Amino acid sequence: MKTLWKSFKITLAFCVFFSVFYVLVLWIFAQFAGPNKGNAEVATLNGKVVGATNVGQMFTKDIYFWGRPSAAGDGYDASSSAGSNKGPTNEEYLAEVAARVDTFLVHHPYLSRKEVPAEMVTASGSGLDPDITPAGAYVQVRRVASTRGMSEEAVKAIVDKVVEKPLLGLFGTEKVNVLKLNIALEEANRNK
């Protein structure tokens, strides 16, 4: 019994020590090696913070580029971050995706069903993905340009400017942060 009590105290001490120590080590590492000293990168427009660039935002108006759908709560709710856990043959899931395709086509009548990028109608695993592929942005150029009264070439140039290349040209894929893209679009419209 004496050994059991000693083991329990040592286990408890190690749990407290290492849980605090581990968090402290991560915090110190983030302060020196992490971007933004470990804080979220925020985006500003007209001097006001409009969102965090590492979490998706809900854009539904035709004047903006849209991101991936979110399965997290009511949409991009970090406290409910998760995928839907529905498999690719689940009838309910397939109906959701079909409804998203129909909605996407209503706003993009110049596309056929086959031309709708899968990422624009399926949620990411976390439901918080802030990025889309350049292809996902380019299919929206025509809609955004016409609703803003801009030329498609001008809007496409803005997309081209915010495309992020793979890390060191090797790791990852090209991506477009939707919040940064919409901020660049607003700034271009303001400077017109």
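Keep in mind that what you see is a predicted model, and the values were worked out from it rather than measured.

### Concerning the packing of aromatic side chains
Part 1 of the reasoning: What the rule picks out here adds up to six aromatic pairs.
Part 2 of the reasoning: Measuring from ring centre to ring centre gives 5.3 Å for Phe 17 and Phe 21, while their planes differ by 10°; the resulting arrangement is stacked. Taken together, the positions of Phe 17 and Phe 21, both in helix α1 (residues 2-33) and four residues apart, correspond to about one turn of that helix.
Part 3 of the reasoning: Judged by its relative accessible area of 46%, Phe 17 falls in the partly exposed class.
Part 4 of the reasoning: Owing to a relative accessible area of 42%, Phe 21 belongs among the partly exposed residues under this scheme.
Part 5 of the reasoning: Their ring planes at 75° and their centres at 5.9 Å tell us that Trp 66 and Phe 104 sit as a pair that is edge-to-face.

### Observations regarding the sheet that holds strand β5 (residues 175-177)
Part 1 of the reasoning: Spatially, β3-β5-β4 is the arrangement adopted by the three strands of the open sheet, whose pairing is antiparallel. What marks the edges here is a single partner per strand, and that holds for β3 (131-132) and β4 (163-164).
Part 2 of the reasoning: In terms of strand pairing, β4 meets β5 through two bridges, oriented antiparallel. Along β5, the bridge assignment pairs Glu 164 with Lys 175.

### Describing helix α5 (residues 152-162)
Part 1 of the reasoning: The set of residues buried in α5 consists of Val 155, Ile 158, Val 159 and Val 162. Down the axis, α5 shows its buried residues gathered within 100° of arc, on one side only. More than 90 degrees from the buried face of α5, the exposed residues found are Glu 153 and Lys 161.

### Comments concerning a nonpolar patch on the surface
Part 1 of the reasoning: Side chains of Ile 10, Phe 14, Phe 17, Phe 18, Phe 21 and Val 25 sit close together on the surface and give an oily, nonpolar patch of about 580 Å² of accessible area.
Part 2 of the reasoning: Of note, Phe 18 is situated in helix α1.

### Some remarks on the pattern of salt bridges
Part 1 of the reasoning: For the coordinates displayed, the defined rule picks out seven salt bridges.
Part 2 of the reasoning: Of the charged contacts in the structure, one is a salt bridge between Asp 102 and Arg 113, with a shortest N-O distance of 2.7 Å. Of this pair, Asp 102 sits in helix α2 (residues 91-107) while Arg 113 sits in the loop between α2 and β3, placing them eleven residues apart in sequence.
Part 3 of the reasoning: For Asp 102, a relative accessible area of 40% translates into the label partly exposed.
Part 4 of the reasoning: With a closest N to O distance of 2.7 Å, Lys 165 and Glu 174 form a salt bridge.
Part 5 of the reasoning: Taking relative accessible area as the criterion, Lys 165 reaches 56% and is therefore assigned exposed.

### Focus: the environment of Pro 69
Part 1 of the reasoning: Mapped onto the elements of the fold, Pro 69 is located in the loop between β2 (48-52) and α2.
Part 2 of the reasoning: Residue Pro 69 is classed as buried on the basis of its relative accessible area of 17%.
Part 3 of the reasoning: As for Pro 69 and Tyr 138, which are separated by 69 residues in sequence, their C-alpha atoms are 17 Å apart.
Part 4 of the reasoning: Apart from residues lying up to four places away in sequence, Pro 69 is in contact with Tyr 76, Arg 100, Glu 119, Met 120, Val 121, Thr 122, Ala 123 and Ser 124.

Calculation rules
Residues numbered from 1 in each chain as written. Predicted model: local features only at pLDDT ≥ 70, side-chain atom pairs only at ≥ 80, totals over all residues. Heavy atoms only, no water. Phe/Tyr/Trp six-rings, centres within 6.5 Å; stacked < 30°, edge-to-face > 60°. Helix = DSSP H or I, 4+ residues; strand = E, 2+ residues; numbered from the N terminus. Buried < 20%, exposed > 50% of the residue type's maximum accessible area, 1.4 Å probe, protein only. Pairing = 2+ DSSP bridges. Arc of directions from axis to C-beta. Patch = residues over 30% accessible without salt bridge, like charges linked within 9 Å, V, L, I, M, F, W, Y side chains within 5 Å. Areas by Shrake-Rupley, 256 points an atom, 1.4 Å probe, with all protein chains shown as cover. Salt bridge = Lys/Arg side-chain N within 4 Å of Asp/Glu carboxyl O. Contact = heavy atoms within 4.5 Å.

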